[in-house]
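What follows is the residue order along each chain.
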Amino acid sequence: MYLNCHTVFSFKYGTLTIKSLYEQAKRCGVKKIVLTEINNVASYIEMLRICQSNKSPDLSTSIPDYCLEIALGVEFRNEDELCYIIIARNNNGFENINRFLSFHNKQKTNFPPRAPQIDDIYIVYPFEKFEPTILKKNEFIGIKPSELNRYALYKPKYPLTDKFLALYPVTFSSKKDFNVHRLLRAMAKNTLLSKLTESQQARADEIMVPAQKLEDLYNNFPELIKNSNRIIDNCQIDFDLKENKNKRNIIGNDKTDWEFLVSNAWKGFQSRYNSEDPILLERFNRELSLIKQKNFYSYFLIAYKLIQFSDERGYDHIARGSGSNSLVAFCLGITDVDPIELDLYFERFLNTERTSPPDFDIDFSWENRDEIYNYFFSTYGIDHVCLLGTHVTYQKRSVIRELSKVFGLPKEEIDSLIENPIQNKEMGDTAKLIFKYAEYIKDLPSNISIHAGGVLITERPIYTYTATEYPPKGLPVSHFDMINAEDMGIHKFDILSQRGLGHLKEAVNQIKRNQKIDVDINRFQDFKKDKKIVELLRNGRTMGCFYVESPSMRMLLGKLSCEDYLTLVAASSIIRPGVAQSGMMRIFIERFHQVKAGKKYEAIHPDIDLLLKDTYGVMVYQEDVIKVAHYFAGMTLAQSDVLRRGMSGKYRSREEFQLIKNQFFNNCMAKGYEKSLVDRIWFEIESFAGYSFAKGHSASYALESYQSLFLKAHYPLEFMVGVINNFGGFYKTEFYFHEAKMAGATILPPCVNQSQYLTTIVGKNIFMGFVHIKHLEQKIAKSIVKERDKRGKFTNLENFLRRLPNIKIEQIRILIKVGAFDFTKISKKNLLWFSLLFFSKAKINLSSNIGLFDAEPVETKLPNFVNDPLEDAFDQLELLGFTVGNPFQLLNTNDYGDSTSLVLKEKLNRNIRIVGYMVTIKYLKTKHKQPMHFGTFNDWQGHVFDTIHFPNSAKKFPFRGWGFYEIFGKVVEDFGVYMIDVSKMVKLPLKQKKLL
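Residues numbered from 1 in each chain as written. Predicted model: local features only at pLDDT ≥ 70, side-chain atom pairs only at ≥ 80, totals over all residues. Heavy atoms only, no water.

### Considerations on the confidence of the model for the chain
Threshold: Every residue carries a pLDDT, the predictor's confidence in it, which falls somewhere between 0 and 100. Note on definitions: a residue-residue contact is assigned when non-hydrogen atoms from the two residues lie within 4.5 Å.
In the predicted model, the chain carries a mean pLDDT of 91, and the fraction of residues at 70 or more is 94%. Predicted confidence for residues 58-63 stays below pLDDT 50, and this span has 8 contacts to residues more than four positions away or in other chains. With pLDDT under 50 throughout, residues 842-856 is counted as low confidence; its partners more than four residues away or in other chains account for 19 contacts.

### Looking at the nonpolar core
One recurring pattern in soluble globular proteins: nonpolar side chains tend to sit buried together. Cut-off, in case you're wondering: Only buried Ala, Val, Leu, Ile, Met, Phe, Trp, Tyr and Cys residues count toward a nonpolar core, and they belong to the same one when joined by side-chain atoms within 4.5 Å. Burial classification: accessible surface area is computed with a 1.4 Å probe over protein chains only, and a residue below 20% of its type maximum counts as buried, one above 50% as exposed, and the rest as partly exposed. Counting from the N terminus, the helices are the DSSP runs of H or I reaching at least four residues and the strands are the DSSP runs of E reaching at least two.
One finds L556, Y565, L711, I784, F800, L815 and F821 to be the most contacted residues of the largest nonpolar core, which totals 109 residues. Ranked by residues supplied to this core, first place goes to helix α32 (residues 695-714) with 8 residues. For L711, the residues in contact, after removing those within four places along its chain, are L504, A507, I511, V519, I521, P716 and F719. Formed by 101 residues, the second largest nonpolar core is a distinct cluster that contains V8, Y44, Y394 and V399.

### What about the sheet that holds strand β2 (residues 32-38)?
Spelled out, the test is: Strand pairing requires that DSSP identify at least two bridges connecting the strands. Here an axis means a line fitted to C-alpha atoms, over the contact stretch when the element is a helix, while the angle between two N-to-C directions is reported on a 0 to 180 degree scale.
Pairing is mixed across the open sheet formed by 7 strands, whose spatial order is β1-β2-β3-β4-β5-β6-β7. In this open sheet, the two strands that pair with only one neighbour each are β1 (2-5) and β7 (164-166). Along the sheet, successive strands turn relative to each other by an average axial angle of 35°, direction set aside. Sheet topology places strand β4 (residues 81-88) next to strand β5 (residues 121-126); 4 bridges connect them, and they run antiparallel. Directly across from I86, in β5, lies its bridge partner I123.

### A word on the pattern of salt bridges
Short version of the rule: Take a side-chain nitrogen of Lys or Arg and a carboxyl oxygen of Asp or Glu: if they are within 4 Å of each other, that pair is a salt bridge.
Within this structure, the stated rule accounts for 56 salt bridges. As a salt-bridge pair, K492 and D494 come within 2.5 Å of each other at their nearest N and O atoms. Under the relative-accessibility criterion, K492 is labelled buried at 14%. The class of D494 is buried, set by a relative accessible area of 6%. Residues joined by salt bridges that share partners form a network here, namely E79, D80, R185 and K189.

### Some thoughts on the packing of helix α27 (residues 622-632) against helix α28 (residues 637-646)
Which entries qualify depends on this criterion: Roughly parallel means an angle under 35 degrees; roughly antiparallel means over 145; roughly perpendicular covers 65 to 115; every other angle is labelled oblique. For any pair of crossing helices, the crossing counts as left-handed if the nearer helix is rotated counterclockwise from the farther one by less than a right angle, and right-handed if it is rotated clockwise.
The interhelical angle for the contact between α27 and α28, taken along N-to-C directions, is 135°, at an axis separation of 9 Å. Of the possible angle classes, the one that applies to α27 and α28 is oblique. The two elements α27 and α28 meet at a crossing, and its hand is right-handed. On α28, the residues touching Q622, V625, I626, A629 and H630 of α27 are L637, S640, D641, L643 and R644.

### Some details on the pairing of strand β11 (residues 445-457)
For a regular strand, side-chain orientation follows a simple rule: the groups alternate between the two sheet faces. Pairing geometry for strand β10 (residues 385-393) and β11, over 8 bridges, is antiparallel. Bridging from a neighbouring strand, V392 pairs with N447 of β11. When β11 meets strand β14 (residues 492-498), the two strands line up antiparallel, connected through 3 bridges. From the neighbouring strand, V455 faces β14, where its bridge partner is F493.

Here's what the structure looks like:
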């Protein structure tokens, strides 16, 4: 009877979660519904999972007497106008609906007023849209309860009662839900709640009622219920969620695929190891056997063929994720992480009991990822490939802002509510309503977006499972997310775009151009023994280096006195939020130094210490959760993996995870472990598992870090240019220029005769690229380079103006002020005056013969102005966002305190005063929700130092944006890393800019 059910995935419209809709159907005794989201099919896999899991006595015995069946369809709307509801008779009809919806998403066109005639569907039009006499066999007209009186008047004209049916939409469950719905609609329409029209919202009665009550509503027209039931009874969707739906064959058939995989893996084994070691061979054959048993060899072959394609074209890549735990993947060249060297736990990647798919994350440079996408679509077919979708959810701050607009608050009050929510929460009825409904709306899905890198490749057409969106780049995106994909049995490939790989390639190119040296950055075994790299790691001098450049990572490397690959691998995982926040990072560091000093540490339990000997009894990697669950708690490998996956947000609420959690505790207690010990171990698992890396993933990151470290150690100037030109580091561009300067480079402002669009290096001179100049048009910047390459350098300003006749005065002013004509040795004021005079001479023929371009500039009598270094600095600040020289020249004082970064060690436990130029801030909250900060600064000599701001200091002396701060505090030390515990902080004023 219920042909038109919505959930929250009818974005900005529905208010029922998928589970809530299921519970509503159960409460009302409804056996079958049609799930029809508005213009999407994002919710059906989760509903199928819930329905099928509640059928199974293994997962739930609480409601054996209830089983909900669903049919699928889509409610098609053009903005607020309901066009029609299309319902699938079967899987083929569902695929046809998905194709129709995808076509219009791709074309960016409205849906036609009349639904298409496609196979295996039913179509339901709103009342009075079409005359029933023109409808085809599969077309009907829906009558809502509110339309029954009009239908009674309408019916005598048309005795074709089989063309009308009961249409009772379900959108929410209560009056409160209806209020949420109205707020969502007002937010979607960007209008005041009071101005929301009836056509822009649902009716308040769209709440599911028991089957008998629904029949009573249509009591005078039983044929409407009968017709609805006939349609719903004829609809049947059949998806086996456990079936493998991925691309089956890559080379030919199962036999040829398998032989191809084994042959190439064996070649790689002989190349990588050149050994007949029985332990290696046993691991190799065991992995192959499991891969075949689980039917995952096509997954490996897709990854292998992708790596071959990228290597042929010279695309840099790095594989990570749990796939790096695989020896076969290492032998195939998919990953460069040696799982034997690191004793990687293959069962994290694949085991006999694991039902979830394997996981290869392959990073490419941001410059090459689009080509990789094109490879997938051209190789496997546009109908069989799509990018993975994700569901963007409402965040509380944005919800408060949007609700405030809906309620008509002025901007000042909105800003106040957001910045000071605790103080303003009780200020008036409107504020109370805003915060009340913000709680209901936050975390609801708001729209479909693109997953960071997921690609799906299916055996059957992708439309079998989903319609597709087409965001700006024009590639199809699934309506379901990664959790749904896994539930449906579709494995994703993570093809990620990474700036780090881009800066490696750029740095290598800069070295070749500037020093005529070909650099090999894949000599990982050499890098691990490189003394210069060890020195950078040990001292945390890693700015610009992939994954190890942030202040917290720099300090961690320093605290560990990191000197080797294995320590760097561990550091890459323990820096993650869970390990740090649970206190386990500190315990790891303490035990690391105890073992290094030949001392023993006290483990939480001998059994745990035995399992986690390599990490000093601390859970650091995802594998550690599996090991503890399997060996310590006696759970199966499948249960252990459910526990690991359950730690990531969406799984935690599932029934399977709750059962696994209970079993963990029951097993541990049955083995005689004390409750306090089990609680502590569970706390460690719970606090970090959702953030932790697989060890192979950390190892992959560490290898890329080594590549960056090698370049920084041996070619620091070209390396920093590579980082600058990829715009993706942790810090602002300014500080990479500064780092290059500290390494011996001379930084020069953009110059029309030297600069390219991007930054370049000549010898030790680094010329800023035109790309860094604010408000300079890209076409102008590129035309400068093009003209210079074509006809040579510019001789003076007039020569420049004649050769670029289309440039505007505003663009010239920008170039002059930033210093792009400093080569003329003429002051900026004189150049600005000359440009004004030049543009004022209307009769100048800007298309003069080229021979005139080299003429001497027109003599003009002007005062002899002189450049002021301070004015230059302010001009650079305005146009580049920073100064090329020492930024401390902007300060209105020459008093820089009594200390610098280099003397902190000497002043341990003493109070000091130091002036710092702010680099970055990390905002935190304590476990008691108090504000706490970490700061990073440069001193006047250009050296970095770090500060810690505990709650009292953070509250009394907050950061006030970019600039210089006078810092008072005590020098403290933690495992050899020195910082300032701030007691007071004052922002310092700048000098005043002179006006022309």
